[in-house]
Amino acid sequence: MPDNVATYTQDEEFRQLVTDIKLLSELSGKQVDHLVDAFHASARFYSIEKVAAVNVANERVAKAVVRLVSSLPPESVKYVLGMVRNWWKSLEDPDSYMKEQDLENGFDALRKLICNSPSISRVKKAQALKTATGNELFGVMFVCDARPVFSPARDGIEGYIPVTTMKIIYQRQNGDSEETEFALMPDEIDLLIDRATKAREKVKVLDASMSQFLPNAIEEECGG
């Protein structure tokens, strides 16, 4: 993206939006129609990420589709397109960033993808319910090191204690991002693995049991 994007707006979301529309323009009309069918013609619950991955071969384009479908409400499309068009026209040499036809192709694809759809509404509602009662996990990092045990005279190392620091990055329900850290001993890491494994087994049991009564209530892949 040209450097003067930053002078137009400091909004990181806007810059990502422009990049995503440019990526979207790489799809042919036939590919867009196929993707729209996969998103909007299904009565099932599904994962937006899986639908995009199955129907879009280019990983960067697929991720752009996910961001756009997940974040843009239909009523905002007209405003968003106008904002992006004005930004594009403000460039000293707009064609050096994106040809006008490519811009229009990206706009057309966005209009088709972002529309009122019962299936997309269900998916977004399900995603909202996932985080309605808790903070949303963004990432987990583990840093392993050794804490030395010095001799009483502090002139040598008599031993060490292995320590793992777990950093959890999450977003609170008010939108703020926060981090927290825990120092873990080896037996505590084993406890985490054990509890996480048991939780995953319980989820599998829930999926298998609930799908007998609500076969469309589990995430499925669409299209292909």
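Refer to the structure presented above.
Residues numbered from 1 in each chain as written. Predicted model: local features only at pLDDT ≥ 70, side-chain atom pairs only at ≥ 80, totals over all residues. Heavy atoms only, no water.

Caption draft 1: Molecular detail of a negative patch on the surface. A cluster of like negative charges, contributed by Glu92, Asp93, Asp95 and Glu100, occupies part of the molecular surface. Looking at the secondary structure, you find Asp93 in the loop between helix 6 (77–90) and helix 7 (94–97). Taking the relative accessible area as the measure of exposure, Asp93 reaches 44% and is therefore partly exposed. (Patch = residues over 30% accessible without salt bridge, like charges linked within 9 Å, V, L, I, M, F, W, Y side chains within 5 Å. Areas by Shrake-Rupley, 256 points an atom, 1.4 Å probe, with all protein chains shown as cover. Salt bridge = Lys/Arg side-chain N within 4 Å of Asp/Glu carboxyl O. Lys, Arg positive; Asp, Glu negative; His and termini not counted. Charge placed at Lys NZ, Arg CZ, Asp CG, Glu CD. Helix = DSSP H or I, 4+ residues; strand = E, 2+ residues; numbered from the N terminus. Buried < 20%, exposed > 50% of the residue type's maximum accessible area, 1.4 Å probe, protein only.)

Caption draft 2: Region of interest: the nonpolar core. Residues Val65 and Val84 are the most contacted members of the largest nonpolar core, which totals 39 residues. Counting only elements with at least two residues in this core, the list comes to helix 2 (12–24), helix 3 (29–40), helix 4 (48–55), helix 5 (59–71), helix 6 and helix 8 (100–113). The dominant element in this core, judged by the number of residues it contributes, is helix 5, at seven residues. Contact partners of Val65, with chain neighbours within four places excluded, come to Leu24, Leu27, Leu35, Phe39 and Ala52. (Core = buried A, V, L, I, M, F, W, Y, C linked by side-chain atoms within 4.5 Å. Contact = heavy atoms within 4.5 Å.)

Caption draft 3: Focus on a nonpolar patch on the surface. On the surface, a cluster of nonpolar side chains totalling about 370 Å² of accessible area is made up of Leu137, Val140, Phe142 and Leu192. The dominant element in the nonpolar patch, judged by the number of residues it contributes, is strand 1 (residues 136–150), at three residues. By secondary structure assignment, the location of Phe142 is in strand 1.

Caption draft 4: Expanded view of the sheet that holds strand 1. Spatially, 1-2-3 is the arrangement adopted by the three strands of the open sheet, whose pairing is antiparallel. A single partner strand is all that each edge strand has here, and the edge strands are strand 1 and strand 3 (177–184). In this sheet, neighbouring strand axes are inclined to one another by 20° on average, regardless of whether the strands run parallel or antiparallel. With 14 bridges connecting them, strand 1 and strand 2 (residues 157–171) associate as antiparallel partners. For Met141, the partnering residue across the bridge sits in strand 2 and is Lys167. (Pairing = 2+ DSSP bridges. Axes fitted to C-alpha atoms, helices over the stretch in contact; angles between N-to-C directions.)

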